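Structural overview
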Amino acid sequence: MEKTGYESFYLAENELLVLLAGKGVKSWYGLSLGINRYAETEFFEKWLYPVLAKLYQKGYVDWEDGMVAIREPIDSMINGLANAAFCMTAEKAGSQKKICYFIPQGAVLLEKSQREADMLRLTCLDKEEFLSELWEEGYFPENGVWVGDCRFHFHAVSDGRLVESIKLEEDGLLTWIVLEAAGECRRFSYEEEWCRKKIQSFWMRGAKKKTDS
C-alpha cells in the first residue's frame, strides 16, 4: 500500500535522468539500473526534447528565457538526489525494494509506484518521519515481534560502491544483526537504538563529505 499524508511526485525513469542531468550529474546510483552513466550514451540525442515536453505537461518544469527551470518542490528533491553522498536500499520479504537518499534535512525516498505502471515515486521526508516509517512498515522488530529477514545496503551515490550492509535475522527466540563493513563481518544481538544510530551516522558522514569537498 502506498503512503498517504506526504507530498509525492511520479516520474518515469528517463524523466528522472533528464532532471538529474540538468543538475550536472553524469553518473548516479539509482533504483533499477544500478550505477547509471547515461551521459555516455545517445540517450539525450534521441529523447531529451520529448521527455522535457512531458515534464512540462506535468507541471514539473517551466521555460524561462529559453532555458528549462525545474519547479518547486521538485527542484529541491532533485537537488537532494544530485547532492546526496550516500543512499540506503531496504529490502524485506513480501515488499518491493526502496532506496533512500540521505540529505541534510532528511531523506528522499525513491520507490516503484504501485499505482502507476513503470513510474517511480519520490517522497521527501524529514529524519523523524523517515525513521518512523521504517519501523511502521515492519523493517525492524516492534515490541519483540519478528518481522522476517530484512537487509539494508549503504552505497556511495556517485559510483554505487557498497560501503556497509546490515542483515536482521532470527535464530530461535533471538534477533541478530549481521554487519558487513570494511571486509569484515560481525554478528551481535539486535538493539533498536544501535540501528537508529547507524542510519543517522550516514546523515553525519554525508554532511561532513559536503563540508570537506
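In short, a report on the structure.

Conventions we followed
- Residues numbered from 1 in each chain as written.
- Predicted model: local features only at pLDDT ≥ 70, side-chain atom pairs only at ≥ 80, totals over all residues.
- Heavy atoms only, no water.
- Helix = DSSP H or I, 4+ residues; strand = E, 2+ residues; numbered from the N terminus.
- Buried < 20%, exposed > 50% of the residue type's maximum accessible area, 1.4 Å probe, protein only.
- Phe/Tyr/Trp six-rings, centres within 6.5 Å; stacked < 30°, edge-to-face > 60°.
- Lys NZ or Arg CZ within 6 Å of the ring centre and 35° of its normal.
- Pairing = 2+ DSSP bridges.
- Axes fitted to C-alpha atoms, helices over the stretch in contact; angles between N-to-C directions.
- Contact = heavy atoms within 4.5 Å.

What follows concerns the overall build of the protein chain. Helix and strand content of the protein chain: five helices and 13 strands. A burial count over the protein chain gives 47% of its 213 residues as buried.

We now examine unusual backbone geometry. A cis amide bond, omega 0°, links Glu72 with the succeeding residue Pro73. Along the chain, Pro73 falls in the loop between strand 5 (67–70) and helix 3 (74–83). For Asp65, which is not glycine, the phi torsion reads 55° and is therefore positive. Secondary-structure assignment places Asp65 in the loop between strand 4 (61–64) and strand 5. One non-glycine residue, Ala182, adopts positive backbone phi at about 55°.

It is worth spelling out the packing of aromatic side chains at this point. Enumeration according to the criterion identifies 13 aromatic pairs in this entry. Here the aromatic rings of Tyr139 and Phe152 are separated by 6.1 Å at their centres, their planes lie at 55°, and the arrangement is tilted. Taken together, the residues span a long stretch of sequence, with Tyr139 in the loop between helix 4 (127–136) and strand 10 (150–156) and Phe152 in strand 10 at a distance of 13 residues. In this structure Tyr139 comes out as buried when scored by relative accessible area, which is 1%. The rings of Phe86, Phe102, Phe130, Phe154, Phe202 and Trp203 are connected pair by pair, giving a single aromatic cluster. Here the guanidinium or amino end of Arg187 rests over the ring plane of Trp176, the centre of that ring lying 4.4 Å away. In this structure, Arg196 is placed above the aromatic ring of Trp135, and the distance from its NZ or CZ to the ring centre is 4.2 Å.

Ordered in space as 1-9-8-7-6-10-11-12-13, the nine strands form an open sheet in which the pairing is antiparallel. Each edge of the sheet is formed by a strand with only one pairing partner; in this case those strands are strand 1 (8–11) and strand 13 (184–189). Mean inter-strand twist for the sheet, computed between neighbouring axes without regard to direction, equals 20°. Summarising the sheet, strand 11 (residues 162–171) and strand 12 (residues 174–181) pair through eight bridges and their orientation is antiparallel. Across the sheet, the residue bridging to Lys167 is Val178, located in strand 12. The sheet strands contacting helix 3 are strand 1, strand 7 (98–103), strand 8 (106–112) and strand 9 (120–126), and the helix crosses strand 9 at an angle near 90°. Running over the sheet, helix 4 touches strand 6 (86–92), strand 7, strand 8 and strand 9 and is turned about 115° from strand 9.

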